[in-house]
Amino acid sequence: MNVNRIDLNLLVYLDALLRERNVTQAANQLSLSQPAMSNGLRRLRELFDDPLLVRTSDGMTPTERALELEPVVREVLSKIDKAVQPRSDFEPDQAQRVFRIMASDYGEATLFPAVLAKLRDLAPGITLDIMTPSDVSFLDVERGKVDMVINRFDSMPQSFHQIHLWDDTFSCILNVDHPMLENFTLDNYLAGDHVWVSKTGMGVGVGVNPDDVQRLGWVDLAINKLGKKRQIRVFTRHYQAAMTLAEQNDLIVTLPTRAALLKRDNPRVVLRDPPLDIPPLELKMAWSPLLQHNPANRWLRKLIADTARELDGQEPTI
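Notes on the structure follow. Fair warning: this is a prediction, and the values are worked out from it, not measured in the lab.

Focus on the overall build of the protein chain
Right, on to step 1. In terms of regular secondary structure, the protein chain is built from 13 helices and twelve strands.
Right, on to step 2. In the protein chain, buried positions account for 47% of the 318 residues.
Right, on to step 3. Nonlocal contacts in the protein chain, meaning residues at least 24 apart in sequence, comprise 76% of its contacts between residues at least 6 apart.
Right, on to step 4. Total accessible area on the protein chain stands at roughly 16,500 Å², and carbon and sulfur atoms take up 47% of it.

A closer look at the nonpolar core
Right, on to step 1. If you look at the biggest cluster of nonpolar residues, it comprises 57 residues, and the most contacted ones within it are Leu 111 and Ile 150.
Right, on to step 2. Per-element accounting of this core gives the leading share, seven residues, to helix α13 (residues 295–312).
Right, on to step 3. Apart from residues lying up to four places away in sequence, Ile 150 is in contact with Ile 101, Met 102, Ala 103, Ser 104, Leu 111, Phe 112, Leu 165, Leu 283, Lys 284, Met 285 and Ile 304.
Right, on to step 4. Ranked by size, the runner-up nonpolar core spans 22 residues in total, among them Tyr 13, Leu 44, Leu 53 and Leu 77.

A word on the pattern of salt bridges
Right, on to step 1. Evaluation of the coordinates by the stated rule reveals 20 salt bridges.
Right, on to step 2. In this structure, Lys 118 and Glu 310 form a salt bridge, with 3.0 Å as the shortest nitrogen-oxygen distance. Taken together, the residues Lys 118 in helix α6 (residues 112–122) and Glu 310 in helix α13 connect sequence positions 192 residues apart.
Right, on to step 3. The structure contains a network of salt bridges with shared partners spanning Asp 15, Arg 19, Arg 21, Glu 70, Arg 74 and Glu 142.

Comments concerning the packing of helix α1 (residues 8–20) against helix α3 (residues 34–48)
Right, on to step 1. Contact pair α1 / α3: the axes reach a minimum separation of 10 Å and the direction vectors enclose 105 degrees. Classified by the interaxial angle, the pair formed by α1 and α3 is roughly perpendicular. Residue-level inspection shows Leu 10, Tyr 13, Leu 14 and Leu 17 of α1 in contact with α3, the latter providing Met 37, Gly 40, Leu 41, Arg 43, Leu 44, Leu 47 and Phe 48.

A look at the packing of aromatic side chains
The geometry of an aromatic ring pair is captured by two quantities: the separation of the ring centres and the angle between the planes.
Right, on to step 1. This structure, assessed with the given rule, holds five aromatic pairs.
Right, on to step 2. With a centroid separation of 5.7 Å and an interplanar angle of 55 degrees, the aromatic rings of Phe 90 and Trp 299 are classed as tilted. In this pair, Phe 90 is assigned in the loop between α4 (64–84) and β3 (97–103) and Trp 299 in helix α13, connecting sequence segments 209 residues apart.
Right, on to step 3. With a centroid separation of 5.4 Å and 55 degrees between ring planes, the pair formed by Trp 196 and Phe 235 is classed as tilted. Pair noted here: Trp 196 is in strand β8 (residues 193–197) and Phe 235 is in strand β9 (residues 231–236), with a separation of 39 residues, a long-range link.
Right, on to step 4. A relative accessible area of 6% means that Trp 196 is categorised as buried.
Right, on to step 5. Residue classification places Phe 235 among the partly exposed positions, given a relative accessible area of 26%.
Right, on to step 6. Across the ring face of Trp 166, the terminal group of Arg 258 is positioned such that the distance to the ring centre comes to 4.5 Å.

What counts, and at which threshold
Residues numbered from 1 in each chain as written. Predicted model: local features only at pLDDT ≥ 70, side-chain atom pairs only at ≥ 80, totals over all residues. Heavy atoms only, no water. Helix = DSSP H or I, 4+ residues; strand = E, 2+ residues; numbered from the N terminus. Buried < 20%, exposed > 50% of the residue type's maximum accessible area, 1.4 Å probe, protein only. Contact = heavy atoms within 4.5 Å. Areas by Shrake-Rupley, 256 points an atom, 1.4 Å probe, with all protein chains shown as cover. Core = buried A, V, L, I, M, F, W, Y, C linked by side-chain atoms within 4.5 Å. Salt bridge = Lys/Arg side-chain N within 4 Å of Asp/Glu carboxyl O. Axes fitted to C-alpha atoms, helices over the stretch in contact; angles between N-to-C directions. Parallel < 35°, antiparallel > 145°, perpendicular 65-115°, else oblique. Phe/Tyr/Trp six-rings, centres within 6.5 Å; stacked < 30°, edge-to-face > 60°. Lys NZ or Arg CZ within 6 Å of the ring centre and 35° of its normal.

Here's what the structure looks like:
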C-alpha cells in the first residue's frame, strides 16, 4: 500500500465506524452528513480491499480485517492527538470549564469533598458534573464524552487507562437500639435482616436475584465461603439510602468503612466491625485513551489521585 494514498481523515472515519457499528451514528459523531460517511466507507473499502463492515441481522458487523485494524487505528490516532496537543501547560487557576465525572455515591461522598476543597483553591473556575453509574455506558467513556469514571469495576475494556485509588474495608451500621448490638456474633449477624447495597461498574442496573451469590458481591461471597447465607430484606444501589435505613429500622447494613464513617457522629446508629472476614474493595479511576494526553484531564486526574493517596494515608477506623 502506498502511504501517499492514505487520507488521515479516513482513519478517523474508520475509528468512528468501528465504535458505532452504524454509518448514520458515526456520521453524527463526526458532524458529517450520512452520504459523506457512506462515501468514506466506500473509500476505506477500496483502500484496504476489504468490506470492513457487513450488514447482518445484528446491524453492521466488522470483518476479521476490521477487527485487526481497530486497535492499530486507535493507537495511531491517539499518538497523533498527543503530537498535536498544545505544548503550553494547563493553567488551572485560569481555566473555565466543566469536567464530567461518573462516580457512585460512595466515591462522591468519600472522595469528592476533599477534591472540591482543593479545586476551590487551585481552580475556582472549574465545575464538576458528577454523574451516576446508571447515567453512563462504557461507550460514552470510550468516546470521551465522560472525562473519567470512579467506581468499583468487575470488568473494564482493555483499551481504557486506569489507576488504583484505594482499598477499603467493610463495617456494619446498626440502629442504636438494635437487639443484636450487645451480642454481635456471626450467628446473630446471619439471623438478622440485612440491607444490600452495591453499584459496581456502569450502565442501567437490572433486578437482583438473591440466590445469585456471584452477582451479590464481596459481602455475600465471603458469607458463602462459610457455607452460610444472610437474609436480605432491602436491595438498594445507594449508600446514603442504606445508611438512612439503618437509622430507622432494625436492619443491619454492611458497607465500605469510609462510607460508614460518615455516620459515626450520628447518635441514632452504632458502627461495628463485621463478625467475619470480608476482602477489601478496590476503588479505581479509569478514562478513555482519547483523553490520555489531554493536559486539563491529566491535571485533574493527578489532583484526584493525589487526594485519594492522602486520604488513604488516613487509615479509617471505627
